Amino acid sequence: QVQLVESGGGLVQPGESLRLSCAASGRIFRIYAMAWYRQAPGKQRELVALINSGDRENYADSVKGRFTISRDNAKNTVYLQMNGLKPEDTAVYYCNADIQPLGVTNVLNAWGQGTLVTVSS
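Scope of this entry: the structure provided in the associated data block.

Each value, and the rule that gives it
- Residues numbered from 1 in each chain as written.
- Predicted model: local features only at pLDDT ≥ 70, side-chain atom pairs only at ≥ 80, totals over all residues.
- Heavy atoms only, no water.
- Disulfide = S-S within 2.5 Å.
- Helix = DSSP H or I, 4+ residues; strand = E, 2+ residues; numbered from the N terminus.
- Buried < 20%, exposed > 50% of the residue type's maximum accessible area, 1.4 Å probe, protein only.
- Lys, Arg positive; Asp, Glu negative; His and termini not counted.
- Salt bridge = Lys/Arg side-chain N within 4 Å of Asp/Glu carboxyl O.
- Polar contact = N/O pair within 3.5 Å; in protein donor to acceptor, adjacent residues only side chain to side chain.
- Contact = heavy atoms within 4.5 Å.

Disulfide: a covalent bond connecting the sulfur atoms of a pair of cysteines. Throughout the structure, instances matching the rule amount to one disulfide. Here cysteine 22 pairs with cysteine 95 through a disulfide, and the sulfurs are 2.1 Å apart. The sign of the S-S torsion, about -80 degrees, decides the handedness of the disulfide formed by cysteine 22 and cysteine 95: left-handed. Of this pair, cysteine 22 sits in strand S3 (residues 18-26) while cysteine 95 sits in strand S9 (residues 91-101), and the two are 73 residues apart along the sequence. Assessed through its relative accessible area of 0%, cysteine 22 is described here as buried.

As structure tokens, this is what we get:
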């Protein structure tokens, strides 16, 4: 019914930048909070950044000052600009969003399939 598709992952060297994108598609009435999570090998999935429907942003302490989350409501898309990448940022990054489909009163919590970010020299 609704789908989130991430793009923009890849292999970069420490200190470089990447921009992740996540587009929501389907019969969508409204999107509330949108977020990025990540999961490194052997670790639990953790929240990286969140932006609510009022454009209020929250970040994990580990990425504050380096990552920026933003959204384009006209395109149903959320972005994660990652600067000053470190090897410890290596993980699969997942998009998450609270979406109200057309004709439905419930809000669904949807996940993307993930995109791999590898930071290595």
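This part is about the side chain of arginine 71. With respect to the secondary-structure elements, arginine 71 resides in strand S7 (residues 67-72). Here arginine 71 occupies a buried position and makes no salt bridge, while the nearest side chain of opposite charge, aspartate 55, is found at 4.5 Å. Side-chain polar atoms of arginine 71 contact the backbone oxygen of asparagine 52, separated by 3.1 Å. At a separation of 2.8 Å, a polar atom in the side chain of arginine 71 contacts the side chain of asparagine 73. The contacts of arginine 71, once residues within four sequence positions are left out, are Ile31, Tyr32, Ala33, Met34, Ile51, Asn52, Ser53, Asp55, Thr77 and Val78.

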